[in-house]
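Chain and residue survey
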Amino acid sequence: MSEAENPAVTEVAGDVDQLSLDANYKPPPQKTINEILEADKEDESLRRYKEALLGGAASGANLIVEPNDPRKVIVKKLALVVEGMADKELDLTGDLTKLKEQKFKIKEGVQYKIRIDFIVQREIVHGLKYVQKTYRKGIPVDTMTHMVGSYGPKVEIQSYTTPQEEAPSGLLYRGDYSISSNFTDDDKNVHLKWEWKNEICKDW
């Protein structure tokens, strides 16, 4: 569940001002890797910075990690991260419909984070967002948007970890929750959408 006081988490459920802000937001124009490399190319320090930022893509060629996958963003895994415990992971590369059959058990009141592992290939992706909607018995109880950022292509898996959150506690909050997750960007491209479940328990 999200923490309202955390500035890195945007609560959108029932927040008219935030919805208005989102509607008025205009993402900056996208630029290709070549366009970025050509801009200010006479500035040596800026050139080195861009090469460090873009990694293998700084050659100007489209960096392709998985040739048989046409997507620019390939979401690999979601992990539930709790300090002192092994990560609980969801494989997002297979049959996503089967994720509904799995369930993360979360101890009430525990502090946790969510990590998403992904690959960016072919081009820079601008304004990645992770949107998560939580339902209980079909009723929406929480919606939050995490601004992930812009990423250049890399051979290595890249990751984003959400700010720390606290699971609800108390008898009324125990039970099953259905979650709809969406990895999107400024241009409203849906890179992956999946549904999964967790259960708030008295203990692990």
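Source: prediction; values computed, not measured.

1. Quick word on the environment of valine 141
- Considering the arrangement of structural elements, one finds valine 141 in strand S7 (residues 139-151).
- We classify valine 141 as partly exposed; its relative accessible area is 45%.
- Considered as a pair, valine 141 and tyrosine 177 are 36 residues apart in the sequence and their alpha carbons are 9.3 Å apart.
- When near neighbours in sequence (up to four residues on either side) are disregarded, valine 141 contacts Thr134, Tyr135, Arg136 and Tyr177.

2. Some points on the nonpolar core
- Counting 30 residues, the largest nonpolar core has Leu78, Phe118, Phe183, Trp194 and Trp196 as its most contacted members.
- Counting residues per element, the ones that place at least two in this core are strand S2 (73-81), strand S4 (104-107), strand S5 (111-120), strand S6 (125-136), S7, strand S10 (175-184) and strand S11 (190-201).
- Considering every element that reaches this core, the biggest residue donor is S5, with five residues.
- Ignoring sequence-local partners within four residues, the contact set of tryptophan 196 consists of Leu78, Leu90, Leu99, Phe104, Ile114, Tyr130, Gln132, Tyr177, Ser178, Ile179 and Ser181.

3. Side note on the environment of methionine 147
- Tracing the chain through its elements places methionine 147 in strand S7.
- Overall, the relative accessible area of 45% leaves methionine 147 in the partly exposed class.
- Separated by 19 residues in sequence, methionine 147 and leucine 128 have C-alpha atoms that sit 6.5 Å apart.
- Non-local contacts of methionine 147, meaning those with residues more than four positions away in its chain, are made with Leu128, Lys129 and Tyr160.

4. Some remarks on the pairing of S6
- Here S6 pairs with S7 via 10 bridges, running antiparallel. Across the sheet, the residue bridging to lysine 129 is methionine 147, located in S7.
- Hairpin geometry of S6 and S7 is characterised by an intervening segment of two residues between the two adjacent antiparallel strands and by a positive phi of about 55 degrees at lysine 137.
- Looking at chain direction, S6 and S10 are connected through seven bridges and run antiparallel. Looking across to S10, one finds that glutamine 132 is bridged to serine 181.

Thresholds applied
- Residues numbered from 1 in each chain as written.
- Predicted model: local features only at pLDDT ≥ 70, side-chain atom pairs only at ≥ 80, totals over all residues.
- Heavy atoms only, no water.
- Helix = DSSP H or I, 4+ residues; strand = E, 2+ residues; numbered from the N terminus.
- Buried < 20%, exposed > 50% of the residue type's maximum accessible area, 1.4 Å probe, protein only.
- Contact = heavy atoms within 4.5 Å.
- Core = buried A, V, L, I, M, F, W, Y, C linked by side-chain atoms within 4.5 Å.
- Pairing = 2+ DSSP bridges.

None of this, on its own, says anything about what the molecule does.
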